[in-house]
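# Structure assessment
Chain by chain, the residues:
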Amino acid sequence: MTGTLPAGLREFYENPAVPVASGDERSRRQALMLARVLPCEPCLVVDVGCGDGSAAAIAGPLLSDHRIVGIDWSQDALRRAATRMNHVVRGELTPGGLPLADASADAVLFSEVIEHLVDPDSAMDELRRILKPGGHLMLSTPNLAAWYNRVLLAAGVQPVFSEVSLRTIHGRPGSQVVGHLRLFTARALREFLAAAGFEVVTLAGAPFHGVPRLLRLVDRAACAAPSVASILLVHARRV
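Report on the accompanying structure.

Reading the values: rules and limits
- Residues numbered from 1 in each chain as written.
- Predicted model: local features only at pLDDT ≥ 70, side-chain atom pairs only at ≥ 80, totals over all residues.
- Heavy atoms only, no water.
- Helix = DSSP H or I, 4+ residues; strand = E, 2+ residues; numbered from the N terminus.
- Rg over C-alpha atoms; globule rule 2.2 N^0.38 Å.
- Buried < 20%, exposed > 50% of the residue type's maximum accessible area, 1.4 Å probe, protein only.
- Contact = heavy atoms within 4.5 Å.
- Areas by Shrake-Rupley, 256 points an atom, 1.4 Å probe, with all protein chains shown as cover.
- Lys, Arg positive; Asp, Glu negative; His and termini not counted.
- Charge placed at Lys NZ, Arg CZ, Asp CG, Glu CD.
- Phe/Tyr/Trp six-rings, centres within 6.5 Å; stacked < 30°, edge-to-face > 60°.
- Pairing = 2+ DSSP bridges.
- Salt bridge = Lys/Arg side-chain N within 4 Å of Asp/Glu carboxyl O.
- Axes fitted to C-alpha atoms, helices over the stretch in contact; angles between N-to-C directions.
- Expected span 1.5 Å × (residues − 1).
- Arc of directions from axis to C-beta.
- Core = buried A, V, L, I, M, F, W, Y, C linked by side-chain atoms within 4.5 Å.
- Polar contact = N/O pair within 3.5 Å; in protein donor to acceptor, adjacent residues only side chain to side chain.

When its secondary structure is counted, the protein shows 8 helices and 7 strands. Relative to a compact globule of 239 residues, whose C-alpha radius of gyration would be 18 Å, the protein shows 17 Å and is just as compact. Judged by the C-alpha coordinates and their principal axes, the protein covers about 50 × 40 × 35 Å. Expressed as a percentage of the 239 residues in the protein, the buried residues total 53%. For the protein, the share of sequence-separated contacts (at least 6 apart) that also reach a separation of at least 24 residues comes to 71%. Of the roughly 10800 Å² of accessible surface on the protein, 55% is carried by carbon and sulfur atoms. In the protein, which carries 24 positive and 23 negative side-chain charges, the distance between the mean positions of the two groups comes to 5 Å.

See below:
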């Protein structure tokens, strides 16, 4: 988690009990997407909002020819990430808040971060600043319009992934608060990225590890239609 936060949110994200991992399956799919488009020569891949480093640990074997640097705002997350990554540094998604020069990164991993941000517009400006022209952005985020959320909302139930409190869950399945502030549909995410100066190359789906076991086959099948998948995976390029 990165960015300038109100005091209450800062305390929330420094709490070791708050999850900072993004899920193995989506991390693997995201890394495979990136591995297919990176050139053979060594590249700088920046994992912004690296959390505990688990996503980078999964991506590492698939991106072994490249240097991965993890950046996070949370000191607790960085301590954990340092056990899985060779290079970690503190940074924020504010103007100039990431400790990299302009147009210095070949690719950015941005896994399950944007839904936590108070100001996603400024965050995208900062990612665009550090990326080289034509650089790759690999973004993942929960899908507000996931197949089960369409059913839940039609029944008057709060959609999965959405939260109305930082203390407890109200009105929807589940019990774990993770601090989601922004949720996107596939269409909204495409439009948002275009407005931020990125061209969407690929939009794919990924499953959600929290889906009940009996429904996991359905959830995996839904990945074939990203607009209804649990997780949105985007490969975009800096214009």
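Enumeration over the complete set of coordinates arrives at 4 aromatic pairs. With centroids separated by 5.0 Å and ring planes inclined at 75°, the aromatic side chains of Trp147 and Tyr148 adopt a geometry described as edge-to-face. Looking at Trp147, the relative accessible area reads 22%, which means it is partly exposed. Judged by relative accessible area, Tyr148 falls into the buried class, the value being 12%.

The subject of this paragraph is the pairing of strand β7 (residues 231-238). A large share of β7 lies buried, amounting to 7 of its 8 residues. When strand β5 (residues 131-142) meets β7, the two strands line up antiparallel, connected through 7 bridges. If you follow Met138 over to β7, its bridge partner there is His235. As judged from the 8 bridges shared by strand β6 (residues 198-206) and β7, these two strands associate in the antiparallel manner. Within β7, the position partnered with Ala206 by the bridge is Ile231.

Under the definition given, this model contains 12 salt bridges. Here Arg79 ties to Asp76 by a salt bridge, and the two come within 3.7 Å at their closest N and O atoms. One end of the pair, Arg79, and the other, Asp76, are both in helix α4 (residues 75-81), 3 residues apart, so they sit about a helical turn from each other. For Arg79, a relative accessible area of 54% gives the class exposed. Taken together, the salt bridges that share partners define one network made up of Glu25, Arg28, Arg29 and Arg220.

This brings us to the sheet that holds strand β2 (residues 67-72). Sheet strands line up and pair through hydrogen bonds in the backbone, either parallel or antiparallel. Strand order in the open sheet made by the 7 strands is β3-β2-β1-β4-β5-β7-β6, with mixed pairing throughout. The two strands at the open ends of the sheet, each matched to only one other strand, are β3 (88-90) and β6. Ignoring which end each strand starts from, the neighbouring axes of this sheet average 20° apart. Where helix α5 (residues 120-130) meets the sheet, its contacts fall on β1 (44-48), β4 (105-111), β5, β6 and β7, and the angle it forms with β5 comes to roughly 140°. With respect to the sheet, helix α7 (residues 186-195) is in contact with β5, β6 and β7, its orientation differing from that of β6 by roughly 155°.

On to helix α2 (residues 24-37), then. Given a rise of 1.5 Å per residue, 14 residues ought to cover 20 Å, and the 21 Å separating the end C-alpha atoms of α2 matches this to within 8%. Considered for burial, the residues of α2 that qualify are Arg26, Ser27, Gln30, Ala31, Met33 and Leu34. Along α2, the residues classed as buried sweep out an arc of 155° about the axis, all on the same side.

Our next topic: the nonpolar core. In this structure, Leu93, Val108, Phe110, Met124, Leu127, Leu137 and Leu193 are the most contacted members of the largest nonpolar core, which totals 33 residues. Taken together, the elements giving at least two residues each to this core come down to β1, β2, β4, α5, β5, α7, β6 and β7. Judged by nonpolar contacts, the second largest core, of 27 residues, contains Val45, Cys50, Ala81 and Leu109.

Let's shift gears to the side chain of Glu112. Examined against the element boundaries, Glu112 turns out to sit in the loop between β4 and α5. A polar side-chain atom of Glu112 sits 2.6 Å from a polar atom in the side chain of Ser140.

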